[in-house]
Amino acid sequence: MRVRTSVGGREVVLRMDGDVWDEGKAVLKVSDLTQPTHFTLRLRLPAWSAKTAVAVNGEPVSGGRPGTYLAVERDWRKGDVVSVSFDMRAHLVPAPRGSDRAGDAFAAVTRGPLVLARDEREDVRFAEPVRVLADGEGVVAATRVPRPDGRLAFRVPTEQGEITLFDYASVDCWHGTRICTWLPQPK
């Protein structure tokens, strides 16, 4: 992605590369700037990323918290590089309690901003109850599974054995197959 803008009458071009969804990394490079220019770059620290790491030219930048913007004010030069690493750990998300008692026995798994789902095309037991294993902070030890079709797939530990979950966007439930994002919990 490339952004061309003007700061103080000077044209600035920023280029972003990286694989946020898979690796949780983004690199923003000042690719065109005729002379050093002082401005503030505001980087969104998403609420889902509990531990976002930011560095400018390899030097860590502190401050900011999830769900806010981190302001990086400095004299920017052509070739400056901003590296961002997002917290892409998988988390167990219990169903909201109390509003629908029938819904209390469900949980979902997210990885960064992605919701994961069981896919009937890959798992005929997709709707059977499972208890996903998570640590005391709700972090799930999800392991990336390489796929020839490029889909994001993760092996997730449960009390019943490992299951494979896919990012919701690639499960293709619009063609007659079913998925399960709110996983039923054993009683």
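Residues numbered from 1 in each chain as written. Predicted model: local features only at pLDDT ≥ 70, side-chain atom pairs only at ≥ 80, totals over all residues. Heavy atoms only, no water.

### Quick look at the environment of M16
And then number 1: Inspection of the secondary structure assignment puts M16 in strand β2 (residues 10–17).
And then number 2: By relative accessible area, M16 is classed as partly exposed at 32%.
And then number 3: Along the backbone, M16 and V56 are 40 residues apart, and their C-alpha atoms lie at a distance of 14 Å.
And then number 4: The contact partners of M16, leaving out residues within four places of it in the chain, are M1, A26, V27 and L28. (Helix = DSSP H or I, 4+ residues; strand = E, 2+ residues; numbered from the N terminus. Buried < 20%, exposed > 50% of the residue type's maximum accessible area, 1.4 Å probe, protein only. Contact = heavy atoms within 4.5 Å.)

### As for unusual backbone geometry
And then number 1: The backbone of N57 sits at a positive phi, close to 50 degrees, despite the residue not being glycine.
And then number 2: Position of N57 among the secondary structure elements: in the loop between β5 (53–56) and β6 (59–61).

### Digging into the sheet that holds β2
Two strands in a sheet stick together by hydrogen bonds in their backbones, pointing the same way (parallel) or opposite ways (antiparallel).
And then number 1: The strand order β1-β2-β3-β8-β5-β6 describes an open sheet built from six strands, whose pairing is antiparallel. Each end of this open sheet is capped by a strand with a single partner; those strands are β1 (2–7) and β6. If you compare each strand with its neighbour and ignore which way they point, the axes differ by 25 degrees on average. (Pairing = 2+ DSSP bridges. Axes fitted to C-alpha atoms, helices over the stretch in contact; angles between N-to-C directions.)

### Describing the layout of surface pockets
And then number 1: Its volume calculated, the largest pocket comes out at about 240 Å³.
And then number 2: The wall of the largest pocket is formed by 13 residues, among which M16, L43, R44, V84 and F86 lie closest to the centre.
And then number 3: Sorting elements by how many residues they give to the lining of the largest pocket places strand β4 (residues 37–45) first, with four residues.
And then number 4: Of the residues belonging to the lining of the largest pocket, the class tally is 11 nonpolar, no polar and two charged. (1 Å grid on protein atoms, 1.4 Å probe; cavity = no way out; pocket = protein on both sides within 12 Å on 5 of 7 lines; lining within 4 Å. Points joined across faces, edges and corners; volume = space filled by probe spheres on them. Nonpolar A, V, L, I, M, F, W, Y, C, P; charged D, E, K, R; others polar.)

### Overview of the packing of aromatic side chains
And then number 1: For the structure on display, the rule yields two aromatic pairs.
And then number 2: The interplanar angle of 25 degrees and the centroid separation of 5.6 Å between the aromatic rings of F39 and W76 together place this pair among those described as stacked. Separated by 37 residues along the polypeptide, F39 in strand β4 and W76 in strand β7 (residues 68–76) bring together distant segments of the chain.
And then number 3: Note on F39: relative accessible area 11%, which makes it buried.
And then number 4: Since its relative accessible area comes to 0%, W76 is described here as buried.
And then number 5: Their ring planes at 45 degrees and their centres at 5.6 Å tell us that W48 and F86 sit as a pair that is tilted. Remark: F86 occurs in the loop between β8 (81–85) and β9 (90–94) and W48 occurs in the loop between β4 and β5; sequence separation between them is 38 residues.
And then number 6: Lying over the aromatic face of W76, R74 brings its terminal NZ or CZ to 5.0 Å of the ring centre.
And then number 7: The ring of F166 is capped by R151, whose NZ or CZ atom sits 4.0 Å from the centre of that ring. (Phe/Tyr/Trp six-rings, centres within 6.5 Å; stacked < 30°, edge-to-face > 60°. Lys NZ or Arg CZ within 6 Å of the ring centre and 35° of its normal.)

### Remarks on the pattern of salt bridges
And then number 1: The full count for this structure, using the stated rule, is 15 salt bridges.
And then number 2: For D87, the salt bridge identified is with R89, shortest N-O distance 2.9 Å.
And then number 3: The class for D87 is buried, based on a relative accessible area of 6%. (Salt bridge = Lys/Arg side-chain N within 4 Å of Asp/Glu carboxyl O.)

### Considering the environment of V12
And then number 1: Looking at the element boundaries, V12 is found in strand β2.
And then number 2: Judged by its relative accessible area of 1%, V12 is buried.
And then number 3: Remark: the alpha-carbon pair of V12 and F39, spanning 27 residues in sequence, is separated by 11 Å.
And then number 4: If we ignore the near neighbours within four places in the chain, the residues touching V12 are V3, R4, T5, V7, D32, L33 and F39.

### Notes on the side chain of R151
And then number 1: With respect to the element layout, R151 can be found in the loop between β13 (143–145) and β14 (153–156).
And then number 2: A distance of 3.3 Å separates the side chain of R151 from the backbone oxygen of S170, its partner in a polar contact.
And then number 3: With residues up to four places along the chain from it excluded, the contact list for R151 reads D119, R121, E122, R144, F166, S170 and V171. (Polar contact = N/O pair within 3.5 Å; in protein donor to acceptor, adjacent residues only side chain to side chain.)

By themselves these figures say nothing about function.
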